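Fold and geometry: a report
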Amino acid sequence: MIDGFALHEIICDDKGSPIDYRFLDVNPAFEKLTTLKKESVVGKTVLTIMPGTEPHWIERYGHVALTGEAVFFENYSQELKRYFQVSAFRPAKNQFACIFVDITERKKMEARIQEAQKMESIGNLAGGIAHDFNNILFPIVGMSELLLED
């Protein structure tokens, strides 16, 4: 499998709200995408391994593990400094599995394209203004030449 895969178990507080999750298994693509080794993550919680993990990741995965509703989304991981496209589903009660793809390069290209489109728009606006200004100046220059001839 070329996509990253990880199997997790959700950890909830006394009220049943997700507060963390434990790694149960990961594949070699996971190791390659995250630079985290299987031996160092399996059996440990995400907040132990990556203490800066944003709460929205835990909440979203907790929803999958507790309700069984699969999700598909793109998000940025501050901890790993990468963009990921994630598919998460529930293989068993209180567990969730993630298949994820690193889309950081695609996001960078999209940002460059947006910047190029902005520059093109500014160029079109400047060209339009120059054209309108030329339309105003042309009669003035023409009349000035006629007056000079007189």
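Residues numbered from 1 in each chain as written. Predicted model: local features only at pLDDT ≥ 70, side-chain atom pairs only at ≥ 80, totals over all residues. Heavy atoms only, no water.

Moving on: the pairing of strand 4 (residues 82–89). One ladder, built from seven bridges, connects strand 3 (residues 71–77) with strand 4; its direction is antiparallel. In the sheet register, Phe 73 faces strand 4, and the bridge partner there is Val 86. A loop of four residues connects strand 3 with strand 4, the two strands running antiparallel in sequence, and Lys 81 in this loop sits at a positive phi of about 55°. Relative to strand 5 (residues 95–102), strand 4 is paired through six bridges, and the arrangement is antiparallel. (Pairing = 2+ DSSP bridges. Helix = DSSP H or I, 4+ residues; strand = E, 2+ residues; numbered from the N terminus.)

Moving on, we get to a nonpolar patch on the surface. The grouping of Phe 133, Ile 136, Leu 137, Ile 140 and Val 141 at the surface amounts to a nonpolar patch, some 460 Å² of accessible area in total. Topologically, Ile 136 is positioned in helix 5 (residues 104–149). On the accessibility criterion, Ile 136 (52% relative accessible area) is exposed. (Patch = residues over 30% accessible without salt bridge, like charges linked within 9 Å, V, L, I, M, F, W, Y side chains within 5 Å. Areas by Shrake-Rupley, 256 points an atom, 1.4 Å probe, with all protein chains shown as cover. Salt bridge = Lys/Arg side-chain N within 4 Å of Asp/Glu carboxyl O. Buried < 20%, exposed > 50% of the residue type's maximum accessible area, 1.4 Å probe, protein only.)

Here the focus is helix 4 (residues 55–67). The end-to-end C-alpha separation of helix 4 is 18 Å, in line with the 18 Å expected for 13 residues at 1.5 Å each. Within the span of helix 4, buried status applies to Trp 57, Ile 58, Tyr 61, Gly 62, Val 64 and Ala 65. Each buried residue of helix 4 lies within a common arc of 160° when the element is viewed along its axis, so the set occupies one face. Exposed residues lying more than 90 degrees from the buried face of helix 4 are Pro 55 and Glu 59. Packed against the buried residues of helix 4 are strand 1 (4–12), strand 2 (18–26), helix 3 (46–49), strand 3, strand 4 and strand 5. In the stretch just after helix 4, Gly 68 is the one whose phi turns positive, near 85°. (Expected span 1.5 Å × (residues − 1). Arc of directions from axis to C-beta. Contact = heavy atoms within 4.5 Å.)

Let's shift gears to the environment of Gly 128. Relative to the helices and strands, Gly 128 is located in helix 5. Accessibility expressed as a relative area gives 31% for Gly 128, which makes it partly exposed. Separated by 122 residues in the primary sequence, Gly 128 and Ala 6 have C-alpha atoms spaced 54 Å apart.

What follows concerns the sheet that holds strand 4. One open sheet accounts for five strands, arranged 2-1-5-4-3; its pairing is antiparallel. Lying at the two open borders of the sheet, with one neighbouring strand each, are strand 2 and strand 3. Strand after strand, the sheet turns through a mean of 35° between neighbouring axes, direction not considered. The sheet contacts of helix 4 involve strand 1, strand 2, strand 3, strand 4 and strand 5, and relative to strand 3 the element is tilted by about 160°. Sheet contacts for helix 5: strand 3, strand 4 and strand 5; angle to strand 4, the most-contacted strand, approximately 125°. (Axes fitted to C-alpha atoms, helices over the stretch in contact; angles between N-to-C directions.)

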